[in-house]
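Residues per chain are reported as follows:
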Amino acid sequence: MNQPTSGLRGLPVSDIFTRACDGDRRAIGRVLSIAERGGTDSIELGELAHKLTGNAHVVGITGAPGAGKSTLTGRLAATLAASGRRVAVLAIDPSSPVTGGAILGDRIRMDEHNYGTGTFIRSMATRGQGGGLAVAVPAAIRILDAVGFEIVIVETVGVGQIEIDIAGTADTTAIVVTPGWGDAVQANKAGLLELADVFVVNKADRPGASDSRRDLELMLDLSDTSEWRPDIVLTVGTEGDGVDDLITELARHRQHLADAGQLEARRRRRAQHELRVRAGDALANRLKDALNSAEGQSIITAMASGGASPASSLDRLLDELYPN
Amino acid sequence: MSDTTNEKPLRIVLAKLGLDGHDRGLKVVARMLRDGGLEVIYLGLRQTTDQVIAAVEQEDADAIGISMLNGGHLALSQKMINAINEAEAGVPLIVGGIVPEADVEKLNEMGVAAILGPGSSSEDCVASVRAAVAALA
């Protein structure tokens, strides 16, 4: 175990998880770290957690930097908490690709309205991008679901494919834009449109909010919205304006998923995606081990010396990977 | 099977307590620590000790850094140390800012793990945090 705090020092994973389920917030913080870190403990934890999942409504909030996502997320969480819901927020920020460090500043915008409400806020750094996040984020979501949070809000900067993938793992995804953010062409270009279940025009007290709404409406008119047409909600995150409308819309979408039998389909798609990423990781590790083994090295030598063809070398390597 | 555990970067909560509104130093330190490979959970201004402890629990942080430039370092450090002990948070407290020479020993006796004054280098900051965390492990 890495740096246990005194209260949890030396406890087995199952005990920490039990405490987390009993609402011990430090234990919840710790199991999230274990899930994020991966390895044997996280596998045991995953086994414990996944039996208890499937109850939370997972809401993704994404959009460009500076769109006011954190402030809006903070208001959303606080409003839900005030109505008695158990809310957790997973706020994801990029790690420095050079040093691996990160400044996670989303809490500043969230604490003001959430401190003391029971809302659980966890900041998560992307830690080296790659496929890692595609495993760590669903694992963290499952834990928050398993320990009893009814609504899990995942906030990401919608700038790259990975962030978009994460947003796509939610039951309901809200895309946040601001007035002056660009016209419908920009919206198409950003690739965020297909993802949106709800559009939010935040900072709607600024000029241009109705233009943004019109642009989005136009763009939706050109899309296939026979199954679901995303509503466009105007909000002012700093004041909390429009947050009730957003909550109504998120709930309406969740109901739609349930009515249309889509909840199952989305979860299936999510499972497939996560399984593919995990399988890719596992197979890559096996391949690395096989290439480093004595047999692997001899296959490489035989091929490099020109004695063995690439195809026959591959056959030998596959035999090594999958004996029998 | 190969072990897929990723090394966990150290996580530190940075905050200013009370009414001291000068956060430039804290922002510089946040950047230094980030560049040193740490994950910095930045709480900013006007935090209470309870808020800091809540953040440490939820974020599973390894250390707390507070910055003080208004002369309140003795009283506020003691409050923070008390809160850490009461919560059994098991994390070291690192104090940054202006601390008169005469108070350094008092802070050390109180249980402050490291004191980073003006002019501390990036390496000093990162090394102090790592050493403070390692000492408690």
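Residues numbered from 1 in each chain as written. Chains lettered and ligands numbered in written order. Predicted model: local features only at pLDDT ≥ 70, side-chain atom pairs only at ≥ 80, totals over all residues. Heavy atoms only, no water.

Quick word on the confidence of the model for chain B
On average, residues of chain B carry a pLDDT of 91, and 95% of them reach 70 or more. With pLDDT under 50 throughout, residues 1-5 of chain B is counted as low confidence; its partners more than four residues away or in other chains account for twelve contacts. (pLDDT = per-residue confidence, 0-100. Contact = heavy atoms within 4.5 Å.)

Focus: the nonpolar core
Counting 33 residues, the largest nonpolar core has I28(A), L45(A), L90(A), I143(A), L144(A), F149(A) and V154(A) as its most contacted members. Those elements that place two or more of their residues in this core are α1 (13-21), α2 (25-37), α3 (40-50), β2 (87-93), β4 (120-125), α6 (132-146) and β5 (151-157) of chain A. Of all the elements, α6(A) adds the most residues to this core, at eight residues. Non-local contacts of L45(A), meaning those with residues more than four positions away in its chain, are made with V13(A), F17(A), V31(A), I34(A), A35(A) and I143(A). Counting residues in hydrophobic clusters, the runner-up holds 30 residues, among them A125(A), I84(B), V95(B) and M110(B). (Core = buried A, V, L, I, M, F, W, Y, C linked by side-chain atoms within 4.5 Å. Buried < 20%, exposed > 50% of the residue type's maximum accessible area, 1.4 Å probe, protein only. Helix = DSSP H or I, 4+ residues; strand = E, 2+ residues; numbered from the N terminus.)

A few points about the packing of aromatic side chains
Residues and elements named next belong to chain A. Going through the model one piece at a time under the given rule, you end up with one aromatic pair over all chains. Measuring from centroid to centroid gives 5.9 Å for F120 and F149, while their planes differ by 50 degrees, and the two rings are tilted. Placement of F120 in strand β4 and of F149 in the loop between α6 and β5 is noted, with a sequence separation of 29 residues between them. Take F120 and F149: they sit in the same class, and that class is buried. For R86, the ring lying beneath its charged end belongs to F149, and the centroid distance is 4.9 Å. (Phe/Tyr/Trp six-rings, centres within 6.5 Å; stacked < 30°, edge-to-face > 60°. Lys NZ or Arg CZ within 6 Å of the ring centre and 35° of its normal.)

Describing the sheet that holds strand β1 (residues 57-63) of chain A
Residue and element names in this part refer to chain A. The strand order across the open sheet built from seven strands is β4-β2-β5-β1-β6-β7-β8, with neighbouring strands paired in parallel fashion. Sheet topology places β4 and β8 (231-234) at the edges, where each strand pairs with a single neighbour. In this sheet, neighbouring strand axes are inclined to one another by 20 degrees on average, regardless of whether the strands run parallel or antiparallel. Sheet analysis places β1 next to β5, joined by seven bridges and oriented parallel. Within β5, the position partnered with H57 by the bridge is I151. Where helix α4 (residues 69-82) meets the sheet, its contacts fall on β1, β2, β5, β6 (172-177) and β7 (198-201), and the angle it forms with β5 comes to roughly 175 degrees. Across the sheet, helix α9 (residues 209-221) is in contact with β6, β7 and β8; its angle to β7 comes to roughly 160 degrees. (Pairing = 2+ DSSP bridges. Axes fitted to C-alpha atoms, helices over the stretch in contact; angles between N-to-C directions.)

Notes on the side chain of D20(B)
Residue and element names in this part refer to chain B. Relative to the assigned elements, D20 resides in the loop between β1 (11-17) and α1 (24-35). D20 gets classed as buried once you look at its relative accessible area, which sits at 4%. A polar contact is formed between the side chain of D20 and the backbone nitrogen of L69, at a distance of 2.9 Å. (Polar contact = N/O pair within 3.5 Å; in protein donor to acceptor, adjacent residues only side chain to side chain.)

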